[in-house]
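Notes for the structure review
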Amino acid sequence: DVLYTVCNPVGKVQRIVIFKRNGIQAMIKGARMRHLGERSLTVMCMFESVFCAQKAKAALNGADIYAGCCTLKIEYARPTRLNVIRNDNDSWDYTKPYLGRRDRGKGRQRQAILGEHPSSFRHDGYGSHGPLLPLPSRYRMGSRDTPELVAYPLPQASSSYMHGGNPSGSVVMVSGLHQLKMNCSRVFNLFCLYGNIEKVKFMKTIPGTALVEMGDEYAVERAVTHLNNVKLFGKRLNVCVSKQHSVVPSQIFELEDGTSSYKDFAMSKNNRFTSAGQASKNIIQPPSCVLHYYNVPLCVTEETFVKLCEDHEVLSFIKYKVFDPKPSAKTLSGLLEWECKTDAVEALTVLNHYQIRVPNGSNPYTLKLCFSTSSHL
């Protein structure tokens, strides 16, 4: 029931079979899922198409079914079909709901795969284990019976896992970058929303292409899922997993704007997934026309943001909202809406992590931007 609830919003599940071994694995039209936790099962889950399986792997691999536990690891399996003889606690054919159902007795319900829910879903999507991060909106079905919240995992040490028989790494290759307007810092500003960034290197032999080494494979999959085909500065990004396992600082040259073609961000304070507490605050969202801003000084106004856009030659926002600060607050947060998604992506790429200096202030404030869950203000 739990896996069906989690997976079905991504793609239609046809069959699920549980194998009582270490780890929860699910076959998704030739793919399998593993749950890593104290109580582990092996499960195969079959989707109606390979495309659904690919979407499920991209959206759910490394996600927590519940906040802080029940982490899924999804791998493609060799079998291409599951045969279910009976619908019971260990297998279920959702295309044949009454297949060989055993008499469970009056009023008896099927036992949940993972037992009781560790924290019940409230209307606001929060439970005793903390906030759960939303699935990308493109995968939501909108069913009232289906929780739309899944927690993304914390960064882990990079290690290869099976992806269609080939090892997947923690490096993405990004092509379609504007040669005059993109540099290592701006690549970081965009990709850091989906995981820690270790290194960024532009390739000398392929203009407009960069390698981005991320903290783990899950960050790579999130980046590919959310940023591939996104339009930026009149060009469309192509984001895919690189065959390289790490980024090596070789063939360093000067980019068009005079900055270096290589930069190491491993120790950057702007990485947002460096601890459990920090990672839990990140809302993983696909690009949208509304940006959430935070960590700006109390003196910042709408005019400040307008001037910031003008100075950095990006289109200005059309709507502005500031959240009421608490009496003890030292910073402000709010929302900015642009005319279209592309304008918002460009503004975030340029303005994210801008240093706002305050008169007589000792240290500057680092402007933080991310895509909002709100579609409009």
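This is a predicted model, so every value here is computed, not measured.

This next bit is on helix α6 (residues 302–311). Where α6 is concerned, the buried positions are Phe-305, Leu-308 and Cys-309. Along the axis of α6, the buried residues cluster in a sector spanning 95 degrees; they form a single face. In this structure, α6 carries Glu-303, Lys-307 and Glu-310 as exposed residues pointing more than 90 degrees from its buried face. Among the residues trailing α6, Glu-313 stands out with phi positive, at a value near 55 degrees.

This part covers the layout of surface pockets. Considering only enclosed or pocket space, the largest pocket measures out at about 410 Å³ in volume. Lining the largest pocket are 19 residues, and of these Lys-281, Ile-283, His-292, Tyr-294 and Cys-370 sit closest to its centre. No other element matches strand β23 (residues 368–371), which puts three residues into the lining of the largest pocket. Residue classes in the lining of the largest pocket are distributed as nine nonpolar, seven polar and three charged.

Turning our eyes to something else, we now look at the confidence of the model for the protein. Here the protein averages 77 in pLDDT, and 72% of its residues register 70 or above. Counting contacts from residues 21–26, a segment whose pLDDT is below 50, to residues more than four positions away or on other chains yields 36 contacts. Counting interchain partners and residues more than four positions distant, the pLDDT-below-50 stretch residues 102–167 has 153 contacts.

Moving on to the state of the cysteines. Counted by the stated rule, this structure contains zero disulfides. For Cys-289, which is in no disulfide, the shortest distance to another cysteine sulfur is to Cys-340 and amounts to 8.1 Å.

Bringing the packing of aromatic side chains into the picture now. Scanning all chains against the criterion turns up seven aromatic pairs. Grouped by ring-pair contacts, the aromatic residues Tyr-293, Phe-305, Phe-317, Tyr-320 and Trp-338 constitute a single cluster.

Strand order in the open sheet formed by five strands is β16-β11-β13-β12-β17, and the pairing between neighbours is antiparallel. The strands lining the two open edges of the sheet, one partner per strand, are β16 (238–241) and β17 (262–264). Each strand axis lies, on average, 15 degrees off the axis of its neighbour in the sheet, ignoring direction. Relative to β16, strand β11 (residues 171–175) is paired through four bridges, and the arrangement is antiparallel.

Moving on to unusual backbone geometry. For Asn-229, which is not glycine, the phi torsion reads 75 degrees and is therefore positive. The topology assignment puts Asn-229 in the loop between α4 (217–227) and β14 (231–232). Phi at Phe-233 takes a positive value of approximately 55 degrees, unusual for a residue other than glycine. Its place among the elements puts Phe-233 in the loop between β14 and β15 (235–236).

Before going further, it helps to examine the nonpolar core. Membership of the largest hydrophobic core comes to 56 residues, with the highest contact counts inside it found for Leu-190, Phe-191, Ile-197, Phe-202 and Leu-367. Each of two domains, domain 2 (171–275) and domain 3 (285–371), supplies a minimum of three residues to this core. Not counting residues up to four positions away in its chain, the partners in contact with Phe-202 are Leu-177, Met-182, Asn-183, Cys-184, Val-187, Thr-209, Ala-210, Phe-253, Leu-255 and Ser-261. Membership of the second largest hydrophobic core comes to 17 residues, among which are Val-10, Val-43, Cys-70 and Ile-74.

Calculation rules
- Residues numbered from 1 in each chain as written.
- Predicted model: local features only at pLDDT ≥ 70, side-chain atom pairs only at ≥ 80, totals over all residues.
- Heavy atoms only, no water.
- Buried < 20%, exposed > 50% of the residue type's maximum accessible area, 1.4 Å probe, protein only.
- Helix = DSSP H or I, 4+ residues; strand = E, 2+ residues; numbered from the N terminus.
- Arc of directions from axis to C-beta.
- 1 Å grid on protein atoms, 1.4 Å probe; cavity = no way out; pocket = protein on both sides within 12 Å on 5 of 7 lines; lining within 4 Å.
- Points joined across faces, edges and corners; volume = space filled by probe spheres on them.
- Nonpolar A, V, L, I, M, F, W, Y, C, P; charged D, E, K, R; others polar.
- pLDDT = per-residue confidence, 0-100.
- Contact = heavy atoms within 4.5 Å.
- Disulfide = S-S within 2.5 Å.
- Phe/Tyr/Trp six-rings, centres within 6.5 Å; stacked < 30°, edge-to-face > 60°.
- Pairing = 2+ DSSP bridges.
- Axes fitted to C-alpha atoms, helices over the stretch in contact; angles between N-to-C directions.
- Core = buried A, V, L, I, M, F, W, Y, C linked by side-chain atoms within 4.5 Å.
- Domains from an automatic or database assignment.

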